[in-house]
Each structure stands twice: as structure tokens, then as C-alpha cells.
Amino acid sequence: MAAEGAAERDQMVLLKQGAEAKIYSGTFMGRPAIIKERFSKAYRHPDLDKSLTVQRTKAEVRSIMRCRMIGICTPAVYFVDMERHRIYMEHVAASITVREYIADLERSCSANHVSALRPLAEKIGATVGLMHSHNVIHGDLTTSNMLLSRLPKDGPDAGGDTLDGYRLVLIDFGLGYKEGLAEDKGVDLYVLERAFLSTHPNTEALFSVILEHYKLGYGKGAADVINKLEEIRMRGRKRTMVG
Amino acid sequence: MAIETFQNEIFPDSAISVALFESVANCNDLKKLAMTGELDATLLNPSMIVDTFQILVACNKALHLDRCKKRVTRTLHSEVIYNLSPSKNISDAFRKFGMGDKDTSVLLVQIHSLRKGTLSEVAEHVQGEMVDLSRLQEVSDVNKIKKIYKVQEAELRVSTLLDAIVSRMTSKEFVSF
Ligand SMILES: Nc1ncnc2c1ncn2[C@@H]1O[C@H](COP(=O)(O)OP(=O)(O)OP(=O)(O)O)[C@@H](O)[C@H]1O
Ligand SMILES: [Mg+2]
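These numbers come from a predicted model, not from an experiment. (Residues numbered from 1 in each chain as written. Chains lettered and ligands numbered in written order. Predicted model: local features only at pLDDT ≥ 70, side-chain atom pairs only at ≥ 80, totals over all residues. Heavy atoms only, no water.)

**Q** How should I be thinking about the site of ligand 1 in this particular structure?
**A** Residue and element names in this part refer to chain A. Neighbouring residues of ligand 1: 20 residues in total, closest Lys36, Glu90, Val92, Asn145 and Asp172. For ligand 1, an oxygen atom lies 2.8 Å from a polar atom in the side chain of aspartate 172. Coverage of ligand 1 by the protein chains reaches 85% of its 630 Å² of free accessible surface. Counting residues per element, the ones that place at least two in the shell around ligand 1 are strand S3 (31–38), strand S5 (86–90) and strand S6 (95–97). Counting residues per element, the shell around ligand 1 draws most heavily on S3, which supplies 3 residues. Taken together, the residues of the shell around ligand 1 sort by class into 8 nonpolar, 6 polar and 6 charged. Counting contributing residues per domain, the shell around ligand 1 is built from domain 1 (8–90) and domain 2 (95–242), each supplying no fewer than three. (Near = heavy atom within 4 Å. Polar contact = N/O pair within 3.5 Å; in protein donor to acceptor, adjacent residues only side chain to side chain. Areas by Shrake-Rupley, 256 points an atom, 1.4 Å probe, with all protein chains shown as cover. Helix = DSSP H or I, 4+ residues; strand = E, 2+ residues; numbered from the N terminus. Nonpolar A, V, L, I, M, F, W, Y, C, P; charged D, E, K, R; others polar. Domains from an automatic or database assignment.)

**Q** Any chance you could explain empty space enclosed by the protein here in plain terms?
**A** Gaps left between atoms are located by rolling a probe of water-molecule size over the structure's atoms. As enumerated under the stated definition, the model contains 1 cavity of 30 Å³ or more in all. In this structure, the largest cavity is lined by Glu8(A), Gln11(A), Met12(A), Gly26(A), Thr27(A), Ile35(A) and Glu9(B). Counted by class, the lining of the largest cavity contains 2 nonpolar, 3 polar and 2 charged residues. (1 Å grid on protein atoms, 1.4 Å probe; cavity = no way out; pocket = protein on both sides within 12 Å on 5 of 7 lines; lining within 4 Å. Points joined across faces, edges and corners; volume = space filled by probe spheres on them.)

**Q** Help me understand the coordination of the magnesium ion (ligand 2), please; the structure alone is not making it clear to me.
**A** The reference angle at a metal is 109.5 degrees if four donors form a tetrahedron and 90 or 180 degrees if six donors form an octahedron. Residues and elements named next belong to chain A. Every protein donor of the magnesium ion (ligand 2) is accounted for by Asn145 (OD1) and Asp172 (OD), and the metal-donor separations fall at 2.1 to 2.2 Å. Residue asparagine 145 is located in the loop between strand S7 (136–137) and strand S8 (146–150), and its partner aspartate 172 is located in the loop between strand S9 (166–170) and strand S10 (177–178); the two are separated by 27 residues in the primary sequence. Here asparagine 145 falls in the buried class, since its relative accessible area comes to 6%. For aspartate 172, a relative accessible area of 22% gives the class partly exposed. (Donors = N, O, S within 2.8 Å, 3.2 Å for Na, K, Ca; no water. Buried < 20%, exposed > 50% of the residue type's maximum accessible area, 1.4 Å probe, protein only.)

**Q** For this particular structure, what's the right way to read the domain arrangement of chain A?
**A** By a widely used convention, the size of an interface equals the accessible area lost when the partners come together. Residues and elements named next belong to chain A. In terms of domain boundaries, chain A breaks down into domain 1 (8–90) and domain 2 (95–242). The distance between the C-alpha centroids of domain 1 and domain 2 comes to 23 Å. Summed over both sides, the interface between domain 1 and domain 2 buries roughly 1,300 Å², with carbon and sulfur atoms accounting for 68% of that surface. Counting across the domain 1 and domain 2 interface gives 1 salt bridge. For aspartate 172, the salt bridge goes to lysine 36, with nearest N and O atoms at 2.8 Å. If you look at where domain 1 meets domain 2, you find 4 residue pairs in polar contact (both at pLDDT 80 or more). Elements with a contribution of two residues or more to the side of domain 1 that touches domain 2: S3 and helix H2 (46–69). (Buried area = accessible area lost by both parts, 1.4 Å probe. Salt bridge = Lys/Arg side-chain N within 4 Å of Asp/Glu carboxyl O.)

This is the structure:
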């Protein structure tokens, strides 16, 4: 077992060391793969630690599956190794995070980047709306957890569900769960809003585009969530005023 | 028209050999041999397979569960059949993904040590014609596959059928379809 692990590790390249997971690129049965490995945290009680890593790994796989089944792009899952808390998944080809994409646009066409970003905002809104209409909560909806992938020209669904040759892929579902309450959906949107406004200045207009298309993607019931969002914003403000 | 052998990055001491046969006359006998454990291979129903990768995903999972002693079925090779299925019902998996005794085509799959595969010996028992694995595309019954794996059109707008299938195979312990 040890020798096996070592041989495989030789072929894996560490891409990112996150707070609770390492992201490697490698191959799975010859295909480009991302290997997400959750590791122990020394400060947690060992029993709690083990159950948390198992729980998050399961939660991630579950939400990936729920999203793909309703037509939201997520990476294919090739193998789940619960012994090592690893998920082997499709390496989304030629991709950058939405965060990087926005930063690039701000740099290259700072004058009108907001209008350039409109199609992306529409797609994000519609996608999150669709996800929430099926009661899937992402749990960490930031622009680093959304990828944009350049489609292969003659890919199986080229020309279909794309924006300007890009396709939006949701990732990092470790905090995801299923819940119908408007409160949980509102918090998801609030996290997205905070992420948007704090990392991408002057994007208030974009977030309202997101909300417009959220309503379209969600359908009946979206108004309840938007009302909750207002409430959560108020709470947020109070909290910062109190300190 | 030959046996194809695949390596696995995770278990580099092992390999997976696959061969596809058509116009097979003796599936009934093969099944009996397999049941008594005389054939060291898995016999699959090729109409349920869209791509070789689907088999490799099932074999990898079988190897993994075998080595960490969490197999659900009796042997490594029967585990491959169970892993192909999106359901946790073992007999259902065998009925749908195992070769039927009245079938006329069969996929032989063997997981073996890196150095020594014996699928050619198993293949000698088959009275039929070995064909290229690319023939799978013609043999697979896409409509039946979509039905059994419960793959809807919404998903196929954002995924290939193959990705939809392997994702279900790998996640069936935590998700119900
Ligand atoms: N399937 C994938 N294809 C391509 N790139 C990926 C894929 N999965 C992850 N990445 C890259 O790795 C980065 C980190 O991945 P992810 O968000 O899943 O981990 P994380 O944020 O470290 O996780 P956690 O929040 O659980 O600590 C992503 O922002 C993306 O750049
Ligand atoms: Mg992340």
C-alpha cells in the first residue's frame, strides 16, 4: 500500500494548498484529473476531525451529483477514496476561476468591464437560481468556486449552454447541503454578494443583474429568497455597527 | 482484434485486460464455468457499456475496495459487475450488467498482476469472434443505458453520457438516484 501511494504521488502535482484540502493535478486511468484531498487538522479532536473530513467529502460528492442531474455543469466524479479522503474528478480543461476572469477584464478594459461582464452575471444568476429552485445550497458561493472553461470546439455540447464560448462550472461543494428554506438560500446569495463586492469594486450593478436572472432561473418562490437576502443584509449591517 | 491491457496509476502493480467477442455460441457454458470459479475473469453484457473507461472505473473501484477490505461481493471480479450498477442491489446488478446465458456477445475483463495476465487462456473457452473494442459503440444500447442509470436530458446538456454514468457508479454509496 505504501509503495503504491508513493508511485502515484510522483505523478501528482500540488496545485493548491487550501485551508482544509490539497488540490493536485494528475491522471486517472489516463485522463487528466484533479485530486482533492482533505487532510486532518491538528487542533480538532481526532474523532471530530475524522467525521468532519468524511462528512465534507460526502457532502461535496452529493452536491456535485445533485447539480449535474438538474443540468448545472460540475466536474465528473471518477473515484472517491474514503480511506484517504480523496475525490478524483474531471480536470475541467482550459479553465480559469470567475475571480481571475473578472480581474483580467478589469485590467484589460477597465472602462467598460461592467458591460463586458453582463453575460457572465446573467449566467451566474440563472445557474444559482436553478440550483436553489431544486433546494441545493452551495455553502461557499464565491467567485473562486466558479470556473469558466473554454469548450473544445467540436465538444459534445458545443454551441449549447455556453456564454461566448465559455461554460460555467460550479465546484467546491464541501459545505453544500439540501434545504428548502428561504433563509439558507438567502445566506448563499449573501455570501455571493459579499464575495462579489469585496473582490471586484464597482460591481453593484452586476450583482443586480445576477439577482434579476436569479429570479428567472428560480421561477416561483424567488421573491421570498430576495426578501430574506434584504433581511440578512440588515443583520449584517447591524452586526458591523455594533462591532 | 486483440486483448487490450490498461495500466492504473493508483495500483501500478496491477493491470486490467479487456476483450470483446461477438457471435458467441456458448454463453450458457461460459456462465457455468464462471459460476464454478473456473474462469478467472468477469463476463459482462456489452450492451450496457458505452466506453472502455466505464469498465476501468469499475475495476479501479473494485481494486480499491478489495485492498481496504470493503468489498461488497464475493470476489474481486464479481465486484466489477456490482460497481457498474447505479443501484446497491447485488442481484439486480448481476442481472443487468453480467453476461446473460442466452446472449451472443460478451466482454471479458480480467484484473491481474502487472506482469502476468491470463485473459488469453480464458478467451480460449469462448466460441465466438474477438472484435475490436471500438465495436462497443455499435453494440451498446444507449436508450436502455439512459433508462437504467436514470440519465435525463437536462444532464446531457452539460455532460457526456459517459461522464454521467461513471459519476453515478462512483457515488452510489452516498447518493440515491
Ligand atoms: N475539477 C477542477 N478542474 C480544474 N480546476 C479545479 C478543479 N477543482 C479545483 N480546481 C482548482 O483548484 C482551486 C481550489 O479548489 P477548491 O475550491 O475545490 O478547493 P478549496 O477552496 O481549497 O477547498 P476548501 O474550501 O474545501 O478548502 C479552484 O479554485 C480551481 O482553481
Ligand atoms: Mg474553493
